[in-house]
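Breakdown of the fold
Now for the letters of each chain:
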Amino acid sequence: MPPMSCANGYTNSHGNKPLFSFGVISDVQYADIPDGRSFLGVPRYYRHSILVLQRAVRMWNDHKHLKFSVNYGDIVDGFCPKEESRNAVEKVVLEFEKFDGLVYHMIGNHCLYNLPRNSLITTLKMPGRAYYDFSPTLGYRFVVLDAYDVSAIGWPQDHPLTVEAMNILRDKNPNSDKNSPDGLVGLERRFLKFNGAVGKEQMDWLDGVLRNSTEQSQKVVICCHLPLDPDAATPEALLWNYEEVMDVIHRYKCVKACFAGHDHKGGYSIDSHGVHHRVLEAALECPPESNAFGYVDAYDDRLVLFGTDRMASTEMVFGPEDID
Ligand SMILES: Nc1ccn([C@@H]2O[C@H](COP(=O)(O)O)[C@@H](O)[C@H]2O)c(=O)n1
Ligand SMILES: O=P(O)(O)OC[C@H](O)CO
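Not measured: the values here are computed from a predicted model.

It is worth spelling out the packing of helix 1 (residues 49–63) against helix 2 (residues 85–96) at this point. Between helix 1 and helix 2, whose axes approach to 9 Å, the crossing angle comes to 20 degrees. Looking at the two axes, helix 1 sits roughly parallel to helix 2. For the element pair helix 1 and helix 2, the recorded crossing hand is right-handed. Along the contact surface, helix 1 presents Ile50, Leu53, Gln54 and Val57, while helix 2 presents Val92, Glu95 and Phe96. A per-class count over the contact of helix 1 with helix 2 returns five nonpolar, one polar and one charged.

Here is the structure:
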């Protein structure tokens, strides 16, 4: 059953008060350039997307009970002229700063086309690196992953993580254009330059955070620019080592949901371990006057996403064995 919102958006269909609520948006990909299309011909509205973000922030502020918001990455598009990158990123960050609360960001491929990683980490007020965690309330923890840890974009060309990424791409993708999935079959189509992987250090950190969350009986929400489940996204959008990450996640029972961006059409699945995967619809692909943003009510037994326009609403009920 789809979730129901009331006038102030603060009770669900059961009339219960959420533990907390948070805003969500993904793939703003703003640029001050004319409308265009993706490689596959899907319309992209580069100037309109910042208006979608402005309407999101207005809605989040009007809600009055949002504890924080999460931006799932790609704030500025790769077609933004390079000399305008810094201004464009700052312009978008300024819009996020109009929200009356904290915004947690993650880095997407388009962010890295525009600015060096270190500069993004500072501008997006990340805690010194692009993966981190936070706990909005005693019983919940959010884990933000860096999907471009092992990546052929964003690090200096001679950086060990670039070298590792290029070796993976050379091994898995024989095309001279490493963004092309031509000839790759099924899930192997994810081995594209615009994707990346979680590295060893981050993987160990993730394992430690999930162990600690389990000890503290916290429910965990994973946030990652790249999707982690093939049933929620196209193969071309997946994290290179999504299986490894999901193996770590499935070792514990604390992770209830994984939210992502990148695959602009959006998606939803529940995996074999009962973890919900929600890929958020992109702000960039909203035709003028339409929207794609929302907010999530968090309860002990479920997460309820209230989407606007192109962002579908989704009720994510935790399995009975997962409820305290
Ligand atoms: N089927 C595809 C999809 C993409 N590419 C390459 O990736 C670049 C970015 O794609 P967008 O969807 O973001 O436009 C695109 O310019 C192509 O180089 C591809 O080759 N085949
Ligand atoms: O946001 P882009 O331009 O990297 O596009 C990502 C693709 O839609 C993933 O399938």
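As a further point, take the site of ligand 2. Ligand 2 sits among Asp27, Asp74, Asn109, His110, Phe194, Thr234, Glu236, Ala237, His262, Asp263 and His264. Its residues assigned to classes, the shell around ligand 2 shows two nonpolar, five polar and four charged.

Turning next to the site of ligand 1. In the vicinity of ligand 1, the residues found are Ser38, Phe39, Leu40, Asp177, Asn179, Ser180, Pro181 and Phe194. Looking at the shell around ligand 1 residue by residue, the classes come out as four nonpolar, three polar and one charged.

As a further point, take helix 1. Taking 1.5 Å of rise per residue, 15 residues should cover 21 Å, and helix 1 covers 21 Å from first to last C-alpha, within 8% of that figure. For helix 1, the full list of buried residues reads Ser49, Ile50, Val52, Leu53, Ala56, Val57 and Trp60. For helix 1, the angular spread of buried residues about the axis comes to 150 degrees, placing them on one side. Looking at helix 1, the residues exposed on the side facing more than 90 degrees away from the buried face are Gln54, Arg58 and Asp62. Of the surrounding elements, those touching the buried residues of helix 1 are strand 1 (20–25), strand 4 (66–71), helix 2 and strand 12 (292–298). A positive backbone phi angle near 75 degrees is found at Lys64, which sits one or two residues after helix 1.

For the rest of this paragraph, the subject is the confidence of the model for the protein. Of the residues in the protein, 94% reach a pLDDT of 70 or more, and the chain-wide mean stands at 95. Both scores are given for the predicted complex: the pTM is 0.95, the ipTM 0.96.

In space, the six strands of this open sheet follow the order 5-4-1-12-13-14, with mixed pairing throughout. Bordering the open sheet on either side are strand 5 (102–105) and strand 14 (314–317), each of which pairs with just one other strand. Averaged over all pairs of adjacent strands, the angle between strand axes in this sheet comes to 20 degrees, irrespective of strand direction. Bridge analysis of strand 1 against strand 4 gives five bridges, and the strand direction is parallel. Note on strand 4: the bridge partner recorded for Val24 is Val70. Strand contacts of helix 1: strand 1, strand 4, strand 12 and strand 13 (302–309), with the helix running at about 30 degrees to strand 12, the strand carrying the most contacts.

All right, on to helix 6 (residues 200–215) then. Taking 1.5 Å per residue, 16 residues should reach 22 Å; helix 6 reaches 23 Å between its end C-alpha atoms and fits that length. Within helix 6, the full set of buried residues consists of Leu206, Val209, Leu210 and Ser213. Projected down its long axis, helix 6 shows its buried positions confined to an angular sector of 95 degrees, all on one face. Summarising the geometry of helix 6, the exposed residues directed more than 90 degrees from the buried face are Lys200, Glu201, Asp204, Gly208 and Glu215.

Analysis parameters
- Residues numbered from 1 in each chain as written.
- Chains lettered and ligands numbered in written order.
- Predicted model: local features only at pLDDT ≥ 70, side-chain atom pairs only at ≥ 80, totals over all residues.
- Axes fitted to C-alpha atoms, helices over the stretch in contact; angles between N-to-C directions.
- Helix = DSSP H or I, 4+ residues; strand = E, 2+ residues; numbered from the N terminus.
- Parallel < 35°, antiparallel > 145°, perpendicular 65-115°, else oblique.
- Left-handed = near helix turned anticlockwise from the far one by under 90°.
- Contact = placed C-beta atoms within 7 Å.
- Nonpolar A, V, L, I, M, F, W, Y, C, P; charged D, E, K, R; others polar.
- Near = placed C-beta within 6 Å.
- Expected span 1.5 Å × (residues − 1).
- Buried ≥ 20, exposed ≤ 12 C-beta atoms within 10 Å, placed from the backbone.
- Arc of directions from axis to C-beta.
- pLDDT = per-residue confidence, 0-100.
- Pairing = 2+ DSSP bridges.

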